[in-house]
Amino acid sequence: MNNDSFNELLEMISPIITKQDTVMRKAISPTERLATTLRFLATGRSFEDLKFSTAIAPQTISSIILETCEAMITKLQEYIQLPKNSEGWSAVAKGFESKWNFPHCIGAVDGKHIAVQKPKGSGFQYYNYKHFFSLVLMAVVDSNYEFIMVDVGANGCMSDGAVITNTKFGQLLEKGELNIPPPKIMPNSNYQLPFVFVGDEAFALKDNFMKPFPQRNLTREERVFNYRLSRARRIVENTFGILVSRFRLLLTTINLSPEKVQRIVLACCYLHNFLRRKIKDQYSDISKYNNFDDPENDVNIEHPQLHCLQPLRGRNASISAKNIRLKFCDYFNNEGKVTWQENII
C-alpha cells in the first residue's frame, strides 16, 4: 500500500474510528489505528507482539482492530458487489472470454479453510476433514482477480457444495434470481448455451454451473474441456493466492471468536479489491510471474497452506446439466478451439 492509497482509505474511515480526547488521556489517532490494523492483517503478529511496536496495550489493540475492520467493511461496500442486471453479468463474461478463452463464464467459484482456535463449547462443529478447526471463506471472482461475492462463517466440516447452498448467493442462484442473461449463441457457432459459473469437482453440476468431467477414462475431447474449464477456474485459486500473500494473518491459526474472524477476513477481501483497483501492480506483486495476465499463460499462484474444501459426494446431476456440459465440450473441440490446445494429449 502506497501513501496515496493509505491516505484515501484513512480519509474514508476516519469519521468512524476517530475518538475524543479525555481529561485522563489523549485518544489514539485514526492514523495509528489504521496502521496498527494493517500491520496485524499483513503479518499475523499477535496482539502481545504488536504492543512493542505500537506502544498500545493488547486489549486496546484488539478493540482497535475490530472497530477498524468494521469501518473498512462499511466504507468499501461498493468494492464487492454481484452484478445487478444482465448487462453487468455480460461484462464479466466478456472478461473470461477475452482473457481466459471461456465464453459465457460469469464467475469462478471456490472455498478455502481459514484456520481458527477451537471455539469454546463448539465440540467438533468447526473440525474439518484436514483435522484442524476452521471457518470457510467462499468466494466468486471475475476474470480480473477481484471478488464479486464473499461469504465467511460456515463451519469447517462442510463441503464446497454444502457451503454454497447456505449462502445468499447460492440461494439466489438456486431460485434463478441473479438476473443472469438468458442463453445466447456462442461465438462463431450455432450453439445456444447458458451463462455459467465454473468450479471444481466439489460442486454439483447444474445448468448454470459447470464442473470438470470425472478424471477416470477421459477421452481427448473431455480432457480439452477440463483444461479449458481449469483455465477459467484457476482465477479464483490465484485470487486466494494473492490475498494470502498480502494478508498473511490468513496463514496463521487465528485465536479469536468466529464472529470476529468473520469480520476480519471480510475486511481483507474488501481491501484486496480496493488495492487491486488502486495500485494493481504494486499490490499484487506479480512481476515474478512472467505474463501473469497473458491469456496463454498458465501460472498458478495458489498458496499450498490455504486448504481446499472437502468434495461433495453422491449427488447426481440432471440430464439437462450433463447435456450442457457435453455441448460446451463439443464447442471447445470444434468451433471454439484455440491453437495451443492441440498440445493437450
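Going by the structure above, here's the rest.
Residues numbered from 1 in each chain as written. Predicted model: local features only at pLDDT ≥ 70, side-chain atom pairs only at ≥ 80, totals over all residues. Heavy atoms only, no water.

A.B. asks: Residues and numbers for unusual backbone geometry, please.
C.D. replies: Of note in the backbone geometry, Asn101 takes a positive phi value of approximately 60° without being a glycine. Assignment of secondary structure puts Asn101 in the loop between helix H5 (86-100) and strand S1 (105-115). Unlike most non-glycine residues, Asn179 shows phi in positive territory, near 60°. Within the fold, Asn179 resides in the loop between helix H7 (168-175) and strand S4 (184-185). With relative accessibility at 47%, the residue Asn179 sits in the partly exposed group. (Helix = DSSP H or I, 4+ residues; strand = E, 2+ residues; numbered from the N terminus. Buried < 20%, exposed > 50% of the residue type's maximum accessible area, 1.4 Å probe, protein only.)

A.B. asks: Got a sec to walk through the packing of H5 against helix H8 (residues 220-246)? Specific residues and values, please.
C.D. replies: Across the interface, H5 lies against H8 with an axial gap of 10 Å and an inter-helix angle of 115°. In terms of orientation, H5 lies roughly perpendicular with respect to H8. Crossing angle aside, the handedness with which H5 passes H8 is right-handed. Residues Phe96, Lys99 and Trp100 of H5 lie in contact with H8, whose contacting residues are Arg231, Ala232, Arg234 and Ile235. (Axes fitted to C-alpha atoms, helices over the stretch in contact; angles between N-to-C directions. Parallel < 35°, antiparallel > 145°, perpendicular 65-115°, else oblique. Left-handed = near helix turned anticlockwise from the far one by under 90°. Contact = heavy atoms within 4.5 Å.)

A.B. asks: Kindly report on the packing of helix H1 (residues 3-17) against helix H2 (residues 30-43), identifying the contributing residues and their values.
C.D. replies: Running from N to C, H1 and H2 cross one another at 115°; their axes reach a closest spacing of 9 Å. Considering their axes alone, H1 and H2 lie roughly perpendicular with respect to each other. Both H1 and H2 take part in a crossing whose hand is right-handed. In this structure, H1 contributes Phe6, Leu9, Leu10, Ile13, Ser14 and Ile17 to the contact, and H2 contributes Pro30, Thr31, Arg33, Leu34, Ala35 and Leu38.

A.B. asks: Can you tell me about the environment of Ile235, naming the residues and giving the values?
C.D. replies: Along the polypeptide, Ile235 turns up in helix H8. For Ile235, a relative accessible area of 0% gives the class buried. On a C-alpha basis, the gap between Ile235 and Val141 in space is 7.4 Å, while along the polypeptide they are 94 residues apart. Here Ile235 is in contact with Phe96, Trp100, Val141, Asp142, Ser143 and Tyr145, once residues within four sequence places are set aside.

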